[in-house]
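# Overview (structure and organization)
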Amino acid sequence: MAKLDQTAPHEVLLVLDATRLIVDMNNTAEAMLHIDQRTAIGQPAQAMLKAYPALVEMLEQSGLRGKEVYLPPPQDRYLEVHLTPIKDKYNRPRGRMFTLRDITGHKRFQQALAQSEANLSRMLESAPFPLLLISLKGDLVYANPIALGFFEIGVEDLARSALPWLAENPDEREALLQQLNTGHPVDGIEIKLHTASGLE
């Protein structure tokens, strides 16, 4: 059997035989799962992983790819689990390889991004003035509640271009679109807007 990679700091590797005994593991498995290699080798995986019920449940499955699992404190880590069958040259099952990739950093980033988006959404929803978000192509992608009433915007309007009905004058529409296409803030452009009460 090839020796396991002992230099992968974010990847736990566990090799089990056909009877689910641990036959090999890397240093990361020892450090991350708090399992002593000298004690674990030759022992049932279920017994050595009893502190991690989610991992024990996965021992019953024949194969996994990309299953996420959370290890509570003191580990406090998110892992992506891959369980790969090991077969001999005659295609007979010989065991399984457990690969656990540490994706904690990625999950923390996703959680922080989701929180930021939630905070931004609350801020936009509570703005005391009409607020529209328009793409660089001139498409309306968001309108806060005050804007929905101010411009009489329906859900169907969010799927079409905002400029033709927001800006009455074609020259003003073109100037606004050109400014949007620069990617810079739109400032100092006066246009007439369609509102619920007409033009303003």
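Residues numbered from 1 in each chain as written. Predicted model: local features only at pLDDT ≥ 70, side-chain atom pairs only at ≥ 80, totals over all residues. Heavy atoms only, no water.

It is worth spelling out the sheet that holds strand 1 (residues 11-17) at this point. Sheet architecture is open: five strands sit in the order 2-1-5-4-3, paired in antiparallel fashion. In this open sheet, the two strands that pair with only one neighbour each are strand 2 (22-25) and strand 3 (64-71). Going across the sheet, the axis of each strand differs from the next one's by a mean of 25°, ignoring polarity. Its contacts with the sheet put helix 5 (residues 104-125) on strand 3, strand 4 (77-87) and strand 5 (93-102), and the angle it makes with strand 4 is roughly 135°. (Pairing = 2+ DSSP bridges. Helix = DSSP H or I, 4+ residues; strand = E, 2+ residues; numbered from the N terminus. Axes fitted to C-alpha atoms, helices over the stretch in contact; angles between N-to-C directions. Contact = heavy atoms within 4.5 Å.)

Within a regular strand, the side chains alternate between the two sheet faces. Where strand 1 meets strand 2, three bridges bridge the pair, whose relative direction is antiparallel. Its bridge partner lying in strand 2, Leu16 is registered against Ile22. In sequence, strand 1 turns back onto strand 2 through a hairpin of four residues, with Arg20 there showing a positive phi of about 70°.

We now examine the packing of aromatic side chains. What characterises a pair of aromatic rings is the spacing of the ring centres plus the angle enclosed by the ring planes. By the definition in use, this model includes one aromatic pair. When the ring of Tyr70 is compared with that of Tyr78, the centres are 4.8 Å apart and the planes differ by 45°; the resulting orientation is tilted. Taking relative accessible area as the criterion, Tyr70 reaches 34% and is therefore assigned partly exposed. Relative accessible area serves as the criterion here: at 17%, Tyr78 is assigned to the buried category. Directly above the aromatic system of Tyr78 lies the positively charged group of Lys107, at a separation of 5.5 Å from the ring centroid. (Phe/Tyr/Trp six-rings, centres within 6.5 Å; stacked < 30°, edge-to-face > 60°. Buried < 20%, exposed > 50% of the residue type's maximum accessible area, 1.4 Å probe, protein only. Lys NZ or Arg CZ within 6 Å of the ring centre and 35° of its normal.)

This part takes up the environment of Arg101. If you trace the backbone, Arg101 turns up in strand 5. Through-space distance from the C-alpha of Arg101 to that of Tyr78 is 8.4 Å; in sequence the pair is 23 residues apart. Leave out the neighbours within four places in its chain, and Arg101 touches His10, Glu11, Tyr78, Leu79, Glu80 and His82.

Segments scoring low in pLDDT should not have their predicted coordinates read at a detailed level. Across the protein chain, the average pLDDT comes to 81, with 75% of residues at 70 or higher. The lowest-confidence element of the protein chain is strand 9 (residues 198-199), averaging 48 in pLDDT; the highest-confidence one is strand 2, averaging 95. (pLDDT = per-residue confidence, 0-100.)

Attention now moves to the pattern of salt bridges. According to the stated counting rule, one finds seven salt bridges in the structure shown. Linking Glu68 and Lys107 is a salt bridge whose minimum nitrogen-to-oxygen distance equals 3.1 Å. One end of the pair, Glu68, is in strand 3; the other, Lys107, is in helix 5, with 39 residues separating them in the sequence. Among the ionic pairs, Asp88 bridges to Arg92, the shortest N-O distance being 2.8 Å. Its relative accessible area of 47% is what places Arg92 among the partly exposed residues. Members of the salt-bridge network, linked through shared partners, are Glu11, Glu80 and Arg101. (Salt bridge = Lys/Arg side-chain N within 4 Å of Asp/Glu carboxyl O.)

Another point: helix 5. Given a rise of 1.5 Å per residue, 22 residues ought to cover 32 Å, and the 31 Å separating the end C-alpha atoms of helix 5 matches this to within 8%. When helix 5 is considered as a whole, its buried residues turn out to be Thr104, Lys107 and Leu124. In this structure, the buried residues of helix 5 make contact with strand 3, strand 4, strand 5, strand 6 (132-134) and strand 7 (140-143). (Expected span 1.5 Å × (residues − 1).)

In this structure, Leu14, Leu33, Leu49, Leu55, Val81, Phe98 and Leu100 are the most contacted members of the largest nonpolar core, which totals 25 residues. Of all the secondary-structure elements, those providing two or more residues to this core are strand 1, strand 2, helix 1 (27-33), helix 4 (53-58), strand 3, strand 4 and strand 5. Leave out the neighbours within four places in its chain, and Leu14 touches Ile22, Asp24, Met25, Ala29, Leu33, Leu49, Arg96, Met97 and Phe98. (Core = buried A, V, L, I, M, F, W, Y, C linked by side-chain atoms within 4.5 Å.)

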